Number of protein chains: 2
Amino acid sequence: MSPLDALTESLGPAACLRSEPDIAPYAVDWRGVYHGQPVAVLRPADTAQVSTALRRCAELGLAVVPAGGRTSLAGAAVPMAQGPASVVLSLERMNRLREVDPLDNSITAEAGCTIEAVQNAATEAGRFFPLHFGAQGSAMVGGALSTNAGGIRTLRYGNARDLVLGLEVVLPDGRVLDDLRRVRKDNSGYALRHLFIGAEGTLGVITAASLKLFPQLARRETAMVAVRSPAEALRLLARCQESGAELVAFELIRKICIDITLKHGTNIRQPMELSTDWYCLIEAASTHAAIPVREALESALMAGIEAGEAEDVVICESEAQRQNLWNIRETFPTCSRMEGPGLSTDTSVPVSRIPDFLERAQALIAGNWPEGRMIALGHMGDGNIHLSLQAPAGMGHAEWQARAPEFEGLIGEIAVELGGSFSAEHGIGQSKRAAMAKLKSPVALDLMRAIKATLDPDGRMNPGKVLPPA
Amino acid sequence: MSPLDALTESLGPAACLRSEPDIAPYAVDWRGVYHGQPVAVLRPADTAQVSTALRRCAELGLAVVPAGGRTSLAGAAVPMAQGPASVVLSLERMNRLREVDPLDNSITAEAGCTIEAVQNAATEAGRFFPLHFGAQGSAMVGGALSTNAGGIRTLRYGNARDLVLGLEVVLPDGRVLDDLRRVRKDNSGYALRHLFIGAEGTLGVITAASLKLFPQLARRETAMVAVRSPAEALRLLARCQESGAELVAFELIRKICIDITLKHGTNIRQPMELSTDWYCLIEAASTHAAIPVREALESALMAGIEAGEAEDVVICESEAQRQNLWNIRETFPTCSRMEGPGLSTDTSVPVSRIPDFLERAQALIAGNWPEGRMIALGHMGDGNIHLSLQAPAGMGHAEWQARAPEFEGLIGEIAVELGGSFSAEHGIGQSKRAAMAKLKSPVALDLMRAIKATLDPDGRMNPGKVLPPA
């Protein structure tokens, strides 16, 4: 019996895709940047099948590439183009919400549930699941945890990692680590779950998670503020935080992003006079209707104007107006692709260093790629500005993309020099392994390699991802 | 040259205590339960000296027991009585606050800073450091992180682990892992810092940490509520959370605890009529003065009374009244020792299972130790009730203590059966290794042992702690 026949026999035909057209969607990432051909796609229906699949793959010497909604921006869920024989292990059929408990403020979801499904189930139970990012309708729990997804509400609720109470993980040899408790305090030995969160499937396969729920938001206020510079935005952020306005999001957006969105987006209205180069998109919210969120936000922003930290303020008067502001933010990535090729980065710095970071990045761009336009928008409250370089009109994709390694490398270096990270929320995948090799400390890399060798001694779990070649 | 002479030469005499009277305080834990004699006490002044100390100890084959404020309730910071030759590595001289940055909402503190020193520095910078527990005046950053300390505010701010942005760790071979970034988002490989947090010094020595700061609390309201049962307390907790009252703490206290505190405490006043067996100590707080915390809490509690979930409510009218309530809670451990011997536990369960847990514990006690009195007080909002068994009057310490292993084991089992943990916030140390062996899953123990063997192949870091003998 061939190895694939053996797998099919173990899991059943429904769990084993082998024909070329069935496999094709799993052989490329959603941006079409990364290609890699698996020998089969396994779609287990439950944890026991994941265990069987991993045990059989170990026996057969097949590498395993775990996949969820496959919205990774770093190519984490696609086999390497030149990698060893591998299967894609898709968790998409494991999409049950095992338990929702409002008293425990917890929800237990299988790896294949979309983030949106978890949000909706929380809402139905009178609770709130705060993880929120662009791809949430497709991204799944397993992938969001494996990449420690971020998004726009981490300022208040933390990253995906911070929302986990317990995990169920299948180890490379098929054993199941059942740590799916939903307790808030558990100091019984090493925090194993944190090894698997953010490991991008290189140490094992997350099959389910208990996640934290929060009180629903009763009032929400959204504002856009024109500022003259990132330094002004920084002072305004501190002012809002000190004022006690209960921030949920504080995004920084360069004017060019709004221009591009107005040009290519549908039903986007210009939110205010665009007389400065920088804008803050701010959202505050409370869990109690009696809490005067609007007054708190308004008075902080007005004080900001008086102190010369803000030029102009719009506070939304309607849900339509609020939606328009968020549409500008959230449709930008699509609009930017319509505008032309771009080189993107995903760095973070301490919040206080954002002005330095942007100044140094701007100088770097002016010196090296004066033909490019500097895009900057992102999560100011987390120090995570997504800086990118938009190609000049008419430039071809491949031609512009040739600059990517140098651009990403140099921007990553600036972030690290300022005490930040070259990889903030998208993960390493295939795309940032060179940066890992160059910018991560040798001691940290040694430890990571030792851990990898301990948990996955044959190196079969998502080979080629996260860790650079030794 | 003897090994100790070699160490003294490497670190200088100020960093190497060798005389019996100098060493004596480090050879016993603060409760006087655990004894273990080190061959010397090393007190390095900086990270470079910690590195030298660990490298030299590796060469000399000496075990290393890291220690901070030595307030562990589990004997984590004292050498094993029958352990290998070891030094205590005290971080007490590393007590510099390296950096406080209000814009980044971060503070970088060395391992020997007390928790109170961090709280005070935060306040001076106009910020708030929320970690709060009884021993905070003595407990130090390194120990609080190594044991992932909890306390009364985890309901809102999480455990010590959740407050960490970055760590500096010296590995067993003396190499320094410098991951002291103060960024909010960093997805560059495995989350190494979470391995060392909660590892009780068995994998390396935490020498410094960047910690999160929060906005100061502008308004604070504290209430005590009489309830008929833990089930009522549970409904009241859910009601308060759903109401959007911004809870900081929700403690459950059995009447006997108040009685004992009134009997032995100084300047403790009876807070209300003690007509029921259970009381909730609730604190809500907001970061903005305009937020009507009192109204929100009051209306939730009044609704609780109307719904039959609460019998009587006192909301503090003065800081003195508030202090009195917290004194009852925080002096109880001392008063309980004055009352006589007690057997304590540190379990957690999902919040929804607290009534079951207490009912089963009560039945167990009635059946096995009817002469004991069930003490229950703790962090209801975290599912972490500290259950203990107070000896009958006149019972000697040793006689009562003989029941400890069985009592702790059976209470731990109930917690685990209800989906909880036998070790919630104090850690394993020496005291819960038997429970680790019995109640932790074999897969989890295997993984922990593999990680220990990878990071500390000679088993010299805090031997005998956390992991049970294989």
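Remember, predicted model here, so these are calculated numbers, not experimental data.

The rules behind these values
- Residues numbered from 1 in each chain as written.
- Chains lettered and ligands numbered in written order.
- Predicted model: local features only at pLDDT ≥ 70, side-chain atom pairs only at ≥ 80, totals over all residues.
- Heavy atoms only, no water.
- Helix = DSSP H or I, 4+ residues; strand = E, 2+ residues; numbered from the N terminus.
- Rg over C-alpha atoms; globule rule 2.2 N^0.38 Å.
- Buried < 20%, exposed > 50% of the residue type's maximum accessible area, 1.4 Å probe, protein only.
- Contact = heavy atoms within 4.5 Å.
- Areas by Shrake-Rupley, 256 points an atom, 1.4 Å probe, with all protein chains shown as cover.
- Lys, Arg positive; Asp, Glu negative; His and termini not counted.
- Charge placed at Lys NZ, Arg CZ, Asp CG, Glu CD.
- UniProt positions renumbered as here; feature names shortened; annotations may be inferred.
- Pairing = 2+ DSSP bridges.
- Axes fitted to C-alpha atoms, helices over the stretch in contact; angles between N-to-C directions.
- Buried area = accessible area lost by both parts, 1.4 Å probe.
- Salt bridge = Lys/Arg side-chain N within 4 Å of Asp/Glu carboxyl O.
- Polar contact = N/O pair within 3.5 Å; in protein donor to acceptor, adjacent residues only side chain to side chain.
- Nonpolar A, V, L, I, M, F, W, Y, C, P; charged D, E, K, R; others polar.
- Phe/Tyr/Trp six-rings, centres within 6.5 Å; stacked < 30°, edge-to-face > 60°.
- Lys NZ or Arg CZ within 6 Å of the ring centre and 35° of its normal.
- Parallel < 35°, antiparallel > 145°, perpendicular 65-115°, else oblique.
- Left-handed = near helix turned anticlockwise from the far one by under 90°.

When you look at the overall build of chain A in this model, what are you seeing that I'm missing?
What chain A contains, in helices and strands, is 16 helices and 18 strands. The C-alpha radius of gyration of chain A comes to 23 Å, within 12% of the 23 Å expected for a compact globule of 470 residues. Dimensions of chain A along its principal axes, counting C-alpha atoms only, are 75 × 55 × 45 Å. Expressed as a percentage of the 470 residues in chain A, the buried residues total 63%. Within chain A, residue pairs in contact and separated by at least 24 positions form 73% of the contacts whose partners lie at least 6 positions apart. Split by element, the accessible area of chain A, about 16000 Å² in all, is 50% carbon and sulfur. Of the side-chain charges in chain A, 45 are positive and 54 negative, and the distance between the mean point of each set is 3 Å.

Looking at this model, I keep getting lost on the UniProt feature "domain: FAD-binding PCMH-type" (unreviewed entry) in chain A. Mind explaining?
The residues that UniProt annotates with the feature "domain: FAD-binding PCMH-type" (unreviewed entry) are residues 34-216 of chain A. In residues 34-216 of chain A, helix accounts for 21% and strand for 25%; the two terminal C-alpha atoms are 39 Å from one another.

Explain the sheet that holds strand β5 (residues 97-101) of chain A to me, please; I cannot follow it from the model alone.
Within a sheet, adjacent strands bond to each other through the backbone by hydrogen bonds, running parallel or antiparallel. All names here are of chain A. Spatial ordering of the open sheet is given by β5-β6-β10-β8-β9, a layout of five strands whose pairing is antiparallel. Only two strands of the sheet have a single partner each, and these edge strands are β5 and β9 (176-179). The sheet shows a mean angle of 15° between the axes of neighbouring strands, direction not considered. Where strand β8 (residues 164-170) lies against β9, four bridges are found, and the strand directions are antiparallel. Bridged to valine 169 within β9 is leucine 177. Lying on the sheet, helix α3 (residues 47-60) is in contact with β5, β8, β9 and β10 (205-212); it crosses β8 at an angle near 45°.

I tried to follow the sheet that holds strand β17 (residues 373-379) of chain B on my own but got confused; where do I start?
Residues and elements named next belong to chain B. The strand order across the open sheet built from seven strands is β15-β12-β14-β13-β17-β18-β16, with neighbouring strands paired in antiparallel fashion. In the strand order of this sheet, the two ends are held by β15 (312-315) and β16 (342-344), each with one partner. Looking at each pair of strands side by side, their axes are set apart by 15° on average, direction ignored. Looking at chain direction, strand β12 (residues 219-227) and β15 are connected through four bridges and run antiparallel. The partner of alanine 226 across the bridge, within β15, is aspartate 312. The sheet strands contacting helix α10 (residues 293-306) are β12, β14 (278-286) and β15, and the helix crosses β12 at an angle near 10°.

I would appreciate a short explanation of the interface of chain B and chain A in the present structure.
Interfaces are often described in size by the accessible area the parts lose on coming together. Across the boundary between the two partners, chain B contributes 84 residues, which contact 84 residues of chain A. Across the interface of chain B and chain A, roughly 6600 Å² is buried in total on both sides, 57% from carbon and sulfur atoms. Interface area lost by chain B to chain A is led by Lys185, Asn187 and Tyr190 of chain B, which between them contribute 16%. The shortest N-O distance in the salt bridge between glutamate 425 of chain B and lysine 185 of chain A comes to 2.9 Å. For the pair chain B and chain A, the interface holds 43 residue pairs in polar contact (both at pLDDT 80 or more). Of all elements in the fold, only β9 (176-179), α7 (193-196), α8 (230-243) and α16 (442-455) of chain B reach the threshold of two or more residues within the side of chain B that touches chain A. Looking at the side of chain B that touches chain A element by element, the count peaks at 10 residues for α16 of chain B. Taken together, the residues of the side of chain B that touches chain A break down into 36 nonpolar, 31 polar and 17 charged.

I tried to follow the pattern of salt bridges on my own but got confused; where do I start?
Should the charged atoms of two oppositely charged side chains come close, the side chains can pair. Summed over the entire model, instances satisfying the criterion amount to 72 salt bridges over all chains. Close ionic contact of glutamate 232 of chain A with arginine 228 of chain A constitutes a salt bridge, the shortest N to O distance being 2.9 Å. For arginine 181 of chain B, the salt bridge identified is with aspartate 179 of chain B, shortest N-O distance 3.0 Å. In the salt-bridge network here, residues are joined through shared partners; they are Arg96, Arg98, Glu110 and Glu168 of chain A.

Is there a simple way to explain the packing of aromatic side chains in this structure?
By convention here, two paired aromatic rings are described through the distance between centres and the angle between planes. Applying the stated criterion across every chain yields a total of six aromatic pairs over all chains. Measuring from centroid to centroid gives 5.5 Å for tryptophan 369 of chain B and phenylalanine 407 of chain B, while their planes differ by 80°, and the two rings are edge-to-face. In this pair, tryptophan 369 of chain B is assigned in the loop between α12 (354-368) and β17 and phenylalanine 407 of chain B in helix α14 (residues 404-417), connecting sequence segments 38 residues apart. In this pair, the class of tryptophan 369 of chain B matches that of phenylalanine 407 of chain B, namely buried. Counting every residue linked through ring pairs, the aromatic cluster contains Phe128, Tyr157 and Phe214 of chain A. Across from the ring centre of tyrosine 26 of chain A, 4.3 Å away, lies the NZ or CZ of arginine 70 of chain A, which sits over that ring.

Looking at this structure, I do not really get the packing of helix α8 (residues 230-243) of chain A against helix α10 (residues 293-306) of chain A. What am I missing?
Think of two packed helices as two axes; the pair is described by the angle between the axes and how far apart they sit. Residue and element names in this part refer to chain A. At their nearest, the axes of α8 and α10 sit 9 Å apart, and the two run at 140° to each other. The angle between α8 and α10 places the two elements in the oblique class. Handedness of the α8/α10 crossing: right-handed. Facing α8, whose interface residues are Leu236, Arg239, Cys240 and Ser243, α10 presents Ala296, Ala300, Leu301, Ala303 and Gly304. When its residues are assigned to classes, the contact of α8 with α10 shows six nonpolar, two polar and one charged.

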